[in-house]
Amino acid sequence: MTMDPAHGTVDGNDADQRDVQKNDFADMGGKSQPHQEPRRVNNDPRAKQQRGNQVRRDRRDVHGWVVLDKPIGMTSTQAVAVLKRLFNAKRAGHAGTLDPLASGGLPIALGEATKTVPFVMDGRKRYRFTVCWGAERDTDDIEGRVTATSDQRPTREEILALLPRFTGVIEQIPPRYSAIKVQGERAYDLARDGEIVELAPRPVEIHHLTLVDQPDSDRAVFEAECGKGTYVRALARDMGRILGTYGHICALRRTLVGPFGENDMIPLDQLEALCDRAASGEGSLADALLPVETALDDIPALAVTRADAARLHRGQAVLLRGRDAPTCSGTVYVTVAGRLLALAEVGNGEIIPKRVFNLTGVTASPGRNERN
């Protein structure tokens, strides 16, 4: 389980750490088949174009964020596919893999929101997780093979005394079963093939780490808030080693991803019900969406005139002039008449557009701008 894999998918097409995709091929078994009339294939390019246009018409332009409360057992890739189907959306992708064994917040970007995925992935993550003491496993979670055991169990005082060592910027060796690439291969693929994977330690930042509960001597519940690239599984492994008890993750829930918290999450069954009501005309898909700009909460907003907006929309820079010119610099998101227009860089007296948004289609309901 990762707190934030270094190579999380952006477009929703990469497999998760344990997501094995299989291709099923029809097997004729060498048997003769009954005679059939030959299929008539229409090679008219106009017919092919019509078929292609029909497929494109079937997909909607849907723009916004859905924060799925991902159930245990579902991969992040599967979750993206489900939402893409429910919304009949043209584009979708998630902002950081959440392992099948974990539940909680999986932000999924639809349409133009995919352009803002990096801003979510770079944000803080918060996790509540349970460590089971007494055994270390090769995957650092309950799905792996036991590699070391101990009859020793840590006291509450010993755990509390250890926490400062895992707070701040620390060096962490990622799990063998992780998405990190080693000479072009994923570490988990090499580990599954029986190869010894030696991963170099790297700096990660843990902002907060607290002991939440200790239900019994075999388990301890923690909450951690951390930066990009931190692995919860490695955290449990390393704490267990130092305490002399060994340990692995036996439960994990993500409660915060960048600007998205638990109040933004929607369970899959509720989302399916909402989409069913929308299909029957009793509701709107927009009610499930958060605005594209929700991912840009930490970035200054800059309003421009319609004339300047027209230039930016064409990819042209706009000069900042007059006493009302903004004094900010760096990355901003630009709006016109309250509507998101572009991501841009401000500097040297001008606004330079970097990513322009085309929000034509289904977008978040106006009320969704104000979250609980």
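Residues numbered from 1 in each chain as written. Predicted model: local features only at pLDDT ≥ 70, side-chain atom pairs only at ≥ 80, totals over all residues. Heavy atoms only, no water.

### Details of helix α8 (residues 306–313)
Of the positions making up α8, those classed as buried are Asp-308, Ala-309 and Leu-312. Along the axis of α8, the buried positions cluster into a sector of 105 degrees, meaning they face one direction only. Opposite the packed face of α8, turned more than 90 degrees from it, sit the exposed residues Arg-306 and Ala-307. Buried-residue contacts for α8 involve β15 (318–319), β16 (330–336), β17 (339–347) and β18 (350–356). (Buried < 20%, exposed > 50% of the residue type's maximum accessible area, 1.4 Å probe, protein only. Helix = DSSP H or I, 4+ residues; strand = E, 2+ residues; numbered from the N terminus. Arc of directions from axis to C-beta. Contact = heavy atoms within 4.5 Å.)

### Details of the environment of Thr-335
Along the chain, Thr-335 falls in strand β16. Under the relative-accessibility criterion, Thr-335 is labelled buried at 14%. In this structure the C-alpha to C-alpha distance between Thr-335 and Arg-306, which are 29 residues apart in sequence, comes to 9.6 Å. With sequence-adjacent residues up to four places away left out, Thr-335 is seen in contact with Leu-302, Ala-303, Val-304, Leu-340 and Leu-341.

### With respect to the packing of helix α2 (residues 76–87) against helix α7 (residues 268–279)
In contact at an axis separation of 10 Å, α2 and α7 are set at 20 degrees when each is read in the N-to-C sense. In terms of orientation, α2 and α7 fall into the roughly parallel class. As α2 packs across α7, the resulting crossing turns out to be left-handed. Seen from α2, the contacting residues are Val-82, Leu-83, Leu-86 and Phe-87; seen from α7, they are Leu-268, Leu-271, Glu-272 and Cys-275. Looking at the contact of α2 with α7, its residues break down into 7 nonpolar, no polar and 1 charged. (Axes fitted to C-alpha atoms, helices over the stretch in contact; angles between N-to-C directions. Parallel < 35°, antiparallel > 145°, perpendicular 65-115°, else oblique. Left-handed = near helix turned anticlockwise from the far one by under 90°. Nonpolar A, V, L, I, M, F, W, Y, C, P; charged D, E, K, R; others polar.)

So, to be careful, I would describe these as geometric facts and stop short of saying anything about function.
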